[in-house]
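Below are the chains, spelled out letter by letter.
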Amino acid sequence: MSLPGHPHIAYRNGALHIEDCPAADLAQRFGTPLYVYSRGSMLAALAPYQRALAGRRHLVCYAVKANPNLSVLQTFARAGCGFDIVSGGELERVLAAGGDAGKVVFSGVGKTRREMARALEVGVRCFNVESTAELEALSEVAQAHGKRAPVSLRVNPNVDAKTHPYISTGLTHNKFGIAHEEALAAYRRAAELPGIAVHGIDCHIGSQITEPGPYLDALDKVLDLIEAVEAEGIRLTHIDFGGGLGITYTDEAPPAADALITALLKRLDDRGHGQRELILEPGRSLVGNAGVLLTEVLYLKPSAHKNFCIVDAAMNDLLRPTLYEAVMGIVPCAPRAGAAEHTWDIVGPVCESGDWLGRDRRLAVQAGDVLAILSAGAYGMSMASHYNTRPKPAEVMVDGAEAWIVRERETVADLFAREQLAR
Ligand code: LLP
């Protein structure tokens with residue numbers, strides 16, 4: 001039976017499997033800590049997006065930041081996706097993975113002129129511009145290259161996405177987007193600038209959103225704005241509605257992607273905007289539940305106050321628990337049938353009290369066991385660091401019974417290869 005929210009991860013004959021690969025075997029073969037991704041799960045997560053958008057002008061732009069491994073990008077490129085990028089680095093990854101620059105949207109509040117020039121050179125589909133200062137700079141860069149930059153303005157609809165404050169982006173106190181009241185003036189300016197070609201409108205209200213209400217409220221505000229902009233003779237051909245759809249980590253029940261999209265399309269149709277191309281930028285909902293982080297139990301440290309289960313993965317490998325107090329499922333790869341469970345804090349070797357991966361978990365564990373931290377496919381490896389001079393984990397892709405390395409484990413020597421002793 002597969003785990004809730006994880007159709008490609010299941011216990012079979014008492015062993016956790018990722019697709020047809022026993023997780024404990026992967027840990028043995030490739031070492032721990034180890035990120036493992038299911039290709040079938042990624043494609044299965046994409047399918048409802050494609051199904052709900054079939055017959056409409058649309059582009060699904062996978063948000064690279066969620067998991068930028070080249071093999072992940074390649075999987076989505078082959079499935080016909082475009083990409084949402086936020087840096088020149090992500091652009092180069094997309095190109096290296098065989099992605100089409102013409103299907104790339106470039107988001108972010110701080111694009112440098114160098115990044116703009118490179119994106120113009122390779123011909124990205126659209127720049128999602130987040131301020132008038134950026135608009136002026138982009139116009140200059142485009143003119144200097146004899147081009148006009150295709151642009152959407154990212155508007156901030158001041159809608160509460162009802163998610164963690166660190167991953168909410170659509171409120172006036174967030175740094176993102178152009179305030180709704182200022183957007184019309186920004187569009188007027190964009191239409192005047194010689195290096196800018198206005199193409200669309202963009203909005204992204206946050207991440208790990210688990211209800212449709214905030215999306216529909218934001219869409220209404222975006223449509224109001226489109227009508228106001230077009231009343232001035234500025235044509236907008238596409239709506240980029242960002243990403244943000246949540247996943248089930250433990251007991252969340254977000255809408256299914258196809259149900260959400262159907263509701264959005266209905267609102268577009270009802271308001272007479274059905275002909276517009278819809279761009280979406282999902283990240284987490286495509287890869288989150290496709291990935292696990294495998295980690296070996298090093299030591300058990302029970303005490304009168306608290307029981308600690310010390311594992312070989314740490315906050316540098318998976319930052320979400322400590323940064324957002326995120327609760328991610330933690331399960332044994334080979335459950336000990338009949339053994340007594342105790343309550344453990346799952347912690348890593350890093351020298352910070354904030355280095356925890358799970359708190360107060362009921363588990364029957366022993367040193368040497370391998371645990372799987374679930375829903376780690378999104379914002380896991382992409383937010384990993386080298387803190388405490390810890391090499392980043394290896395990454396493995398699974399397809400059926402096959403598994404292969406898609407990023408080698410770093411060595412300690414890699415970590416200081418660019419450093420020099422003082423004179
Ligand atoms: N588009 C834009 C402009 C974004 O800023 C983001 C995410 C996405 C799309 C993709 O959102 P998604 O579908 O993945 O929710 N590190 C945090 C999440 C940060 C999200 C940042 N922006 C976490 O681990 O929860």
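Residues numbered from 1 in each chain as written. Predicted model: local features only at pLDDT ≥ 70, side-chain atom pairs only at ≥ 80, totals over all residues. Heavy atoms only, no water.

Undergrad: How would you sum up the site of the ligand? Please name residues and give values.
TA: Around the ligand lies a shell of 17 residues, among which S207, E281, R320, Y324 and Y379 are the nearest. Within the side chain of K65, a nitrogen or oxygen atom sits 3.4 Å from an oxygen atom of the ligand. Across the complex, the protein chains shield 92% of the 580 Å² of accessible surface that the ligand would expose by itself. Across the shell around the ligand, the residue classes break down as six nonpolar, five polar and six charged. Summarising the domain contributions, the shell around the ligand has at least three residues from each of domain 1 (2-38 + 288-415) and domain 2 (107-282). (Near = heavy atom within 4 Å. Polar contact = N/O pair within 3.5 Å; in protein donor to acceptor, adjacent residues only side chain to side chain. Areas by Shrake-Rupley, 256 points an atom, 1.4 Å probe, with all protein chains shown as cover. Nonpolar A, V, L, I, M, F, W, Y, C, P; charged D, E, K, R; others polar. Domains from an automatic or database assignment.)

Undergrad: Could you give an account of the nonpolar core, with specific residues and numbers?
TA: Judged by nonpolar contacts, the single largest core of 101 residues is most densely connected at F76, F127 and F241. At nine residues, the largest contribution of residues to this core is made by helix α8 (residues 213-230). Both domains that furnish three or more residues to this core are identified here as domain 1 (2-38 + 288-415) and domain 2 (107-282). Other than its neighbours up to four places away in sequence, F241 contacts C203, Y215, A218, L219, V222, L264, L278, I279 and L280. (Core = buried A, V, L, I, M, F, W, Y, C linked by side-chain atoms within 4.5 Å. Buried < 20%, exposed > 50% of the residue type's maximum accessible area, 1.4 Å probe, protein only. Helix = DSSP H or I, 4+ residues; strand = E, 2+ residues; numbered from the N terminus. Contact = heavy atoms within 4.5 Å.)

Undergrad: Outline the packing of α8 against helix α9 (residues 257-270), listing residues and values.
TA: Where α8 contacts α9, the axes come no closer than 10 Å and their chain directions differ by 30°. As far as their axial angle goes, α9 and α8 are roughly parallel. Judged by the sense of rotation from one axis to the other, the crossing of α8 with α9 is right-handed. In contact with Y215, L216, L219, D220 and L223 of α8, α9 contributes L260, A263, L264, R267 and L268. In terms of residue class, the contact of α8 with α9 is built from eight nonpolar, no polar and two charged. (Axes fitted to C-alpha atoms, helices over the stretch in contact; angles between N-to-C directions. Parallel < 35°, antiparallel > 145°, perpendicular 65-115°, else oblique. Left-handed = near helix turned anticlockwise from the far one by under 90°.)

Undergrad: With reference to specific residues and values, describe the sheet that holds strand β3 (residues 15-18).
TA: Read from one edge of the open sheet, four strands run β1-β2-β3-β4, paired in antiparallel fashion. Looking at which strands have only one partner, the edges of the open sheet turn out to be β1 (2-3) and β4 (21-22). Direction of pairing for β1 relative to strand β2 (residues 6-12): antiparallel, over a ladder of two bridges. Residue S2 lies in a different strand from β2, and its bridge partner there is A10. (Pairing = 2+ DSSP bridges.)

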